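# Working through the structure, step by step
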Amino acid sequence: MRPTHGFWRQAFERLRRQRMSVAAGLVLTAIALACLLIPMLSSSDYYTPHYEYLSRTPTLAGGHWLGTDPLGRDMLLRVMWGCRISLAIGITASLISVLIGVAWGAIAGYAGGATDSSMMRAVDILYSVPYVPFVIVLTLLFGRQVWLLFVAIGLVSWLDIARIVRGQTLALKQREFIEAARVSGTHGAAMITRHIVPNLIGIVIVYATLTIPTVILFEALLSFLGLGVQSPLASLGSLVADGASEMQSHPHLLIIPAVFLALITYCFNYLGDGLRDAFDPRDR
Amino acid sequence: MLRYAVHRFLSAIPTLLLVATLAFVLLHAAPGGPFDSDKRILPAIQQSIEAKYHLDEPLWRQYLRYLSDLGRGDLGPSFQYRGTSVNEIIAQGFPVDLTVGAAAIVLALIIGVAIGINAALRRGSSEDYGSMAIAIVGISTPVFVVAPLLVLVFAVNLHWLPAGDWVGGSVKHLVLPSVALALPYIAYIARLMRASTIEVMNSPFIRTARSKGLPLRVIILRHALRPTLTPLVSFLGPAIAGLITGSIVVESVFGLPGIGRYFLTGALNRDYTLVVGITVLYGALIVLFNLLADLCYALIDPRVRLR
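Here's what I pulled together on the structure shown here. (Residues numbered from 1 in each chain as written. Chains lettered and ligands numbered in written order. Predicted model: local features only at pLDDT ≥ 70, side-chain atom pairs only at ≥ 80, totals over all residues.)

## Observations regarding the overall build of chain A
Looking only at helices and strands, one finds 12 helices and zero strands in chain A. Listing every helix and strand of chain A by position from the N terminus yields α-α-α-α-α-α-α-α-α-α-α-α. Looking at chain A residue by residue over its 284 residues, the buried ones come to 44%. For chain A, contacts bridging at least 24 residues in sequence account for 68% of all contacts bridging at least 6. (Helix = DSSP H or I, 4+ residues; strand = E, 2+ residues; numbered from the N terminus. Buried ≥ 20, exposed ≤ 12 C-beta atoms within 10 Å, placed from the backbone. Contact = placed C-beta atoms within 7 Å.)

Right, dumping it as structure tokens:
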């Protein structure tokens, strides 16, 4: 511990020492940049069929580095669009679930008493709700609009964060600075937003990072079952599903999106683990 | 403990009621109805079909009717499979899920526990690092990626096993689905077992057993195994939710006639009763397995007191 450094600086120093997490962060940055830039710079697009080159295998010559799909669309572009959609869904839905989870957990933990126990009882009950079946039903309700899918997934994945935030809030409530704030007349919403939530930021960042890959897998699962992103738009899940139906003749159509999906989830998990060690060094 | 079990059983009722209500309301709020996709039929016939299934009544009466049927254990008629009740569909499909799920759990327990203990005993060796690295890959690779890849390797390329179908549940047809379902759990259990074995093997009572000169096999099987299993038990409760998700995927990849597939097609065809019925069954399974996990917890670890 070097007390001269601030909170962020210390966390960053600790994170830097975790080589796997740094590598994971770099890989994610590279994927994010690639999926933003490659479709922008490419002269082709992800949706126009090209019947003169169907289902090409990956090759460095001829311009289609990752081959083409059965409609002659460039796989590199489709996979990059898939990464875009998957990352966008992962980040948006995680933000929604973090917002709900932090608010729910902080209010329950700070209010205590009957409010706390009834709010946490609700969380317990929601834990017994079969998740995926419900999201499947929700996709029917919202039609097939992608942005509603973000919201639907965010709406059902806030329970873990709520529990963790509540636990942390209960611990924070005992600290002197909260007492000091109370003595000087702060209470209610101001107390939660000004004093409780800012002190939860570390743990919230960690769980937000760990929520992103679960959300990405969730969306991929829905798209795999044909309930998520609709063609010609692609997400990594729908690409895996399309590839699975073609795997006999063209295995690269399955393997390439599967590798990207796996890479993104591993990297977020590693990064999350590293952030946990960086922000919460006691919790080893 | 009996009082505890009864209490938990009773507290499951409001949970299941919530699950049924949510599913019912959301499904009915979704656009489209169960008989919309039919070919052009006379309005009179459409009306009589809807009257037969009480779809012409106001929603709250349908809801109350559904709940009172549910209370008697009757999940209602399926809209999509005319003349078949949801109870019959579940009775037909659920054994498939049970077989695949049970095979997956048994597989995951045996292999996962063995890998985990082995890694813990050889802590720091390349075998330990290797198996834990593979475990991380296993945890983050979803079933819907693993299942098609297994088909690609073992059915398409090697021709060792069939790529799908059920055929009355023959062992040959059971292997790939249950392995696909089990793989993430093998990885998860291996990691849990490694951590808990390392902790237990460092505790004083194991040191005593070692200093008595007991052979390692006896130390592990007689003394260490029971306390190392405790974290596993609390994991198996929540694991059931993941198994349900996995079974929906595995059934659609391998074409198995389980309830997961009925659920999917039912949802797409707005088969209200079928979807709500299966959702309630899923909810009941989650509640039941969490309860079983807590009871097992108390049985394995005498320090746990249930209230």
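On we go from here.
## Re the overall build of chain B
Counting its regular elements, chain B contains 11 helices and zero strands. The N-to-C order of helical and strand elements in chain B reads α-α-α-α-α-α-α-α-α-α-α. For chain B, the residues scored as buried account for 37% of the 307 residues in total. In chain B, of all internal contacts separated by at least 6 residues, the share reaching a separation of at least 24 is 74%.

## Details of the interface of chain B and chain A
With 34 residues of chain B at the interface, the matching set in chain A holds 31 residues. Here the element with the most residues in the side of chain B that touches chain A is helix 1 (residues 2–29) of chain B; it accounts for eight residues. A breakdown of the residues in the side of chain B that touches chain A according to their chemical character gives 27 nonpolar, seven polar and no charged. (Nonpolar A, V, L, I, M, F, W, Y, C, P; charged D, E, K, R; others polar.)

## So, the packing of helix 12 (residues 252–279) of chain A against helix 6 (residues 143–157) of chain B
The geometry of helix 12 of chain A relative to helix 6 of chain B is characterised by a closest axis approach of 11 Å and an angle of 145 degrees between their N-to-C directions. Our pair here, helix 12 of chain A against helix 6 of chain B, has a crossing hand that is left-handed. Residue-level inspection shows A:Leu254, A:Ala258, A:Leu261 and A:Ala262 of helix 12 of chain A in contact with helix 6 of chain B, the latter providing B:Val145, B:Pro148, B:Leu149 and B:Leu152. (Axes fitted to C-alpha atoms, helices over the stretch in contact; angles between N-to-C directions. Left-handed = near helix turned anticlockwise from the far one by under 90°.)

## A closer look at the packing of helix 10 (residues 201–224) of chain A against helix 12 of chain A
Residues and elements named next belong to chain A. One way to put it is that helix 10 packs onto helix 12 with a least axis distance of 8 Å and a crossing angle of 165 degrees. In terms of their interaxial angle, helix 10 and helix 12 are classed as roughly antiparallel. Between helix 10 and helix 12 the crossing geometry is left-handed. Along the contact surface, helix 10 presents Gly 202, Ile 203, Ile 205, Val 206, Thr 209, Leu 210, Ile 212, Pro 213, Ile 216, Leu 217 and Ala 220, while helix 12 presents Leu 261, Ile 264, Thr 265, Phe 268, Asn 269, Leu 271, Gly 272, Leu 275, Arg 276 and Phe 279. Among the residues forming the contact of helix 10 with helix 12, the class breakdown is 15 nonpolar, five polar and one charged. (Parallel < 35°, antiparallel > 145°, perpendicular 65-115°, else oblique.)

## Notes on the environment of A:Phe224
Mapped onto the secondary structure, A:Phe224 falls in helix 10. Taking the C-alpha atoms as reference, A:Phe224 lies 30 Å from A:Arg163; in sequence the two are 61 residues apart. For A:Phe224, the residues in contact, after removing those within four places along its chain, are A:Gly237, A:Ser238, A:Val240, A:Ala241 and B:Phe144.

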